[in-house]
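A closer look at the structure
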Amino acid sequence: MTYSYKITKSPVGKLKLIATDKGLAAILWEKEDPKRVPLAPLVEDKTHPVLLETEKQLKEYFAGKRTSFSVKLDPVGTEFQNKVWRALSEIPFGETRSYGEIAKRIGNASAMRAVGAANGKNPISIIVPCHRVIGASGKLTGFAGGLEIKARLLALEAGGNENLFGNNS
C-alpha cells in the first residue's frame, strides 16, 4: 500500500499528515522517531481530500473553534492497539483519563502498561487524543510530541485559549 502525505504548519510545529484512500493513517510530529509509526512508501500529495480535510479541521481545533473531529480514520495497529485507540477517542474534549481508567474501559484493568505502550504507538496524534492520558497521580507522562506540547494541548482544551499558541499557525 502507498500512503499519501502532506506537511502542514501548525502552532505546535510542522505536522506530517498521512492518508490512504480509506482515511487518515497518521499525524506525525516534526521531530518524530521514524520507528514509532513505520508507514511506507510515502508519496507527497498536497491535494489528497483526506489530507486537506484533516488540515482544515486541525486549524479549526487550534483556533479554538473545534472540539471534535469527523475525519475518517485508517490507523495501522494490532487488535489491542486499535481497541485502546478507540477508547482514547471516547475521552471527551477538555477531560483526561489515566492509563488505569483506559485499561478498565477496554475490559482489562491489569493492562495499564500495555495501554501505555499502545498509547505511545498511537499514529493519529491530536485527533485520537493520546494527549488526554495522564498518570494516575495527575502528572503528565510521555508524549511523542513532547510534554510541553501535551501541556499546551490540554490547556487549549481546558480553557479554549487559542492564544496559548501565539500566531504561528
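Residues numbered from 1 in each chain as written. Predicted model: local features only at pLDDT ≥ 70, side-chain atom pairs only at ≥ 80, totals over all residues. Heavy atoms only, no water.

Some words on the side chain of aspartate 74
Where we set the bar: Helix numbering and strand numbering both begin at the N terminus, where a helix is a DSSP run of H or I of at least 4 residues and a strand a DSSP run of E of at least 2. Residue burial is assigned from relative accessible area. The probe radius is 1.4 Å, only protein chains are included, and a residue is buried under 20% of its type maximum, exposed over 50%, and partly exposed in between. By the counting rule applied here, Lys and Arg register as positive and Asp and Glu as negative, while His and the ends of each chain are not counted. Whenever a carboxyl oxygen of Asp or Glu lies within 4 Å of a side-chain nitrogen of Lys or Arg, that contact is scored as a salt bridge. Should any heavy atoms of two residues lie within 4.5 Å, those residues are considered in contact.
You can see aspartate 74 is positioned in the loop between helix H1 (49-62) and helix H2 (79-89). Despite its burial, aspartate 74 remains without a salt bridge, the nearest opposite charge being carried by lysine 22 at 5.3 Å. Apart from residues no more than four positions distant in its own chain, aspartate 74 is found in contact with Thr20, Lys22, Gly23, Leu24 and Ala25.

Examining unusual backbone geometry
A cis amide bond, omega -5 degrees, links alanine 40 with the succeeding residue proline 41. Topologically, proline 41 is positioned in the loop between strand S3 (24-28) and strand S4 (42-44). For isoleucine 126, which is not glycine, the phi dihedral falls at a positive 75 degrees. Residue placement: isoleucine 126 occurs in the loop between helix H4 (112-120) and strand S6 (133-134).

Details of the pattern of salt bridges
Following the criterion strictly, the structure yields nine salt bridges and no others. Note that glutamate 60 is salt-bridged to arginine 66, the shortest N-O span being 2.8 Å. Accessibility expressed as a relative area gives 17% for arginine 66, which makes it buried. A salt bridge links arginine 105 to glutamate 90; its shortest N-O distance comes to 2.5 Å. Of this pair, arginine 105 sits in helix H3 (residues 99-105) while glutamate 90 is found in the loop between H2 and strand S5 (97-98), placing the two residues 15 residues apart along the sequence. Residue classification places arginine 105 among the exposed positions, given a relative accessible area of 56%. Glutamate 90 gets classed as partly exposed once you look at its relative accessible area, which sits at 46%. What emerges from the salt-bridge pattern is a single network uniting Glu53, Lys56, Glu60 and Arg66.

What to know about the packing of aromatic side chains
Selection rule: Under the pairing criterion, centres of Phe, Tyr and Trp rings, with the six-membered ring standing for Trp, must be within 6.5 Å; the plane angle then separates stacked pairs below 30 degrees from edge-to-face pairs above 60, leaving the rest tilted. A ring is scored as having a charge over it whenever the NZ atom of a lysine or the CZ atom of an arginine sits within 6 Å of its centre and within 35 degrees of its normal.
In this structure the tally under the stated criterion is four aromatic pairs. Taking 5.3 Å as the distance between ring centres and 70 degrees as the angle between the ring planes, the aromatic pair formed by tyrosine 61 and phenylalanine 62 counts as edge-to-face. Residue classification places tyrosine 61 among the buried positions, given a relative accessible area of 1%. Judged by relative accessible area, which is 5%, phenylalanine 62 ranks as buried. Ring centres of tyrosine 61 and phenylalanine 69 lie 5.5 Å apart, and the angle between their planes is 45 degrees; on these two criteria the pair is classed as tilted. An aromatic cluster is present here, built from Tyr61, Phe62, Phe69 and Phe93 joined pairwise through their rings. The ring of tyrosine 5 is capped by lysine 16, whose NZ or CZ atom sits 5.0 Å from the centre of that ring.

Side note on the confidence of the model for the chain
Rules: Scored from 0 to 100, pLDDT records how confident the predictor is in each individual residue.
Averaged over the chain, the pLDDT score is 91; the fraction of residues at 70 or greater is 94%. Ignoring residues within four places in sequence, the model shows residues 162-169, a span with pLDDT below 50, making 17 contacts including any to other chains.

Here we look at the sheet that holds strand S2 (residues 15-19)
What holds strands together in a sheet is hydrogen bonding between their backbones, with the strands either parallel or antiparallel. The criterion, for reference: Whether two strands pair comes down to DSSP finding at least two bridges between them. A fitted line through C-alpha atoms serves as each axis, taken over the contacting stretch for helices, and the angle formed by two N-to-C directions is quoted from 0 to 180°.
The four strands are arranged S3-S2-S1-S4 in an open sheet whose pairing can be described as mixed. Pairing within the sheet leaves two strands with one partner each, and these edge strands are S3 and S4. If you compare each strand with its neighbour and ignore which way they point, the axes differ by 30 degrees on average. As defined by bridge partners, S2 adjoins S3 across four bridges and the pair is classed as antiparallel. Residue leucine 17 lies in a different strand from S3, and its bridge partner there is isoleucine 27. Of the strands in this sheet, strand S1 (3-8), S2 and S3 touch H1, which is tilted by about 140 degrees from S2.

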